[in-house]
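Fold and geometry: a report
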Amino acid sequence: MAWRIGSRKHRSMSPIGMAITGFAIGVLLVAGGIWASTRGGELNQMAASGQRVPAKVVDAREEKKRTRRNGRTRTTYDYFVTVSFTHPDGRPIQKEREVSSSVHSHYGTCHGGASMPTTVVINPADPSDWLIEEQLQSKQASTDTMAWLLPLIGLGFFGMGVFGTVSHMRRRNNSPTPAPGYGYPPSQTGGPVPYPQPPANPDEHVIYDARREPHRPH
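Thresholds applied
- Residues numbered from 1 in each chain as written.
- Predicted model: local features only at pLDDT ≥ 70, side-chain atom pairs only at ≥ 80, totals over all residues.
- Heavy atoms only, no water.
- Salt bridge = Lys/Arg side-chain N within 4 Å of Asp/Glu carboxyl O.
- Buried < 20%, exposed > 50% of the residue type's maximum accessible area, 1.4 Å probe, protein only.
- Axes fitted to C-alpha atoms, helices over the stretch in contact; angles between N-to-C directions.
- Helix = DSSP H or I, 4+ residues; strand = E, 2+ residues; numbered from the N terminus.
- Parallel < 35°, antiparallel > 145°, perpendicular 65-115°, else oblique.
- Left-handed = near helix turned anticlockwise from the far one by under 90°.
- Nonpolar A, V, L, I, M, F, W, Y, C, P; charged D, E, K, R; others polar.
- Pairing = 2+ DSSP bridges.

**Observations concerning the pattern of salt bridges**
Any two side chains of opposite charge can pair, given that their charged atoms come close. Tallied over the full model, the rule gives six salt bridges. Here Arg91 ties to Asp89 by a salt bridge, and the two come within 2.8 Å at their closest N and O atoms. Judged by its relative accessible area of 47%, Asp89 falls in the partly exposed class. A single salt-bridge network, built from bridges that share partners, covers Arg61, Glu63 and Glu96.

**Remarks on the packing of helix α1 (residues 15–49) against helix α3 (residues 133–173)**
At a minimum axis separation of 6 Å, α1 and α3 run at an interaxial angle of 160 degrees. By the angle class used here, α1 and α3 are roughly antiparallel. The hand of the α1/α3 crossing is left-handed. In terms of residue class, the contact of α1 with α3 is made up of 25 nonpolar, 16 polar and four charged.

**Focus: the pairing of strand β4 (residues 116–122)**
As defined by bridge partners, strand β1 (residues 51–69) adjoins β4 across seven bridges and the pair is classed as antiparallel. In the strand pairing of β4, Lys56 is matched with Pro117. Note: β4 against strand β5 (residues 130–132), three bridges, orientation antiparallel. In the sheet register, Val120 faces β5, and the bridge partner there is Ile132.

None of this, on its own, says anything about what the molecule does.
What follows is the structure, encoded as structure tokens:
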């Protein structure tokens, strides 16, 4: 098979590597799903019993980021809105918060003195934590999706780990056993082999030579 210059030959992952990778990523994804479920419960509680306060968005902006990797330039955007309202404890608050692109597009015209009314939801467990209504709904939707999607993907990686483990065990059990005499010295019984001794009669094993034959008269 021909390979282009600069390309790398594909090497399949070993069964043990597949097992380790599958179980490790599976655990991380399941843990992420548990975190998303917990966070989703907190957001649902905030939406159900949080105090709602009238507010207004006074500014909206986006921030462009460029990153270069592997010779390619990638452009991403972060979105922010500035919210102004009076806290239930009487403090005037005006802060910028990062929001999703959909929320930003809703308030995209809020700049240069223009503003739009909105509602702020205050976390009953922590009065310093608050979100505008649209951002709270966006976070609820995303965490609810991650709560079931991440564990589902994690189960797929667990299946990969099980497959790698089974393949590794089969390969180990089916590995050929070296035949006797190939790389292994034969076993010895009855004690050590005696060292070769010279023959008792030196002429016993001498090759016949006619010149050494004694002369016999005819």
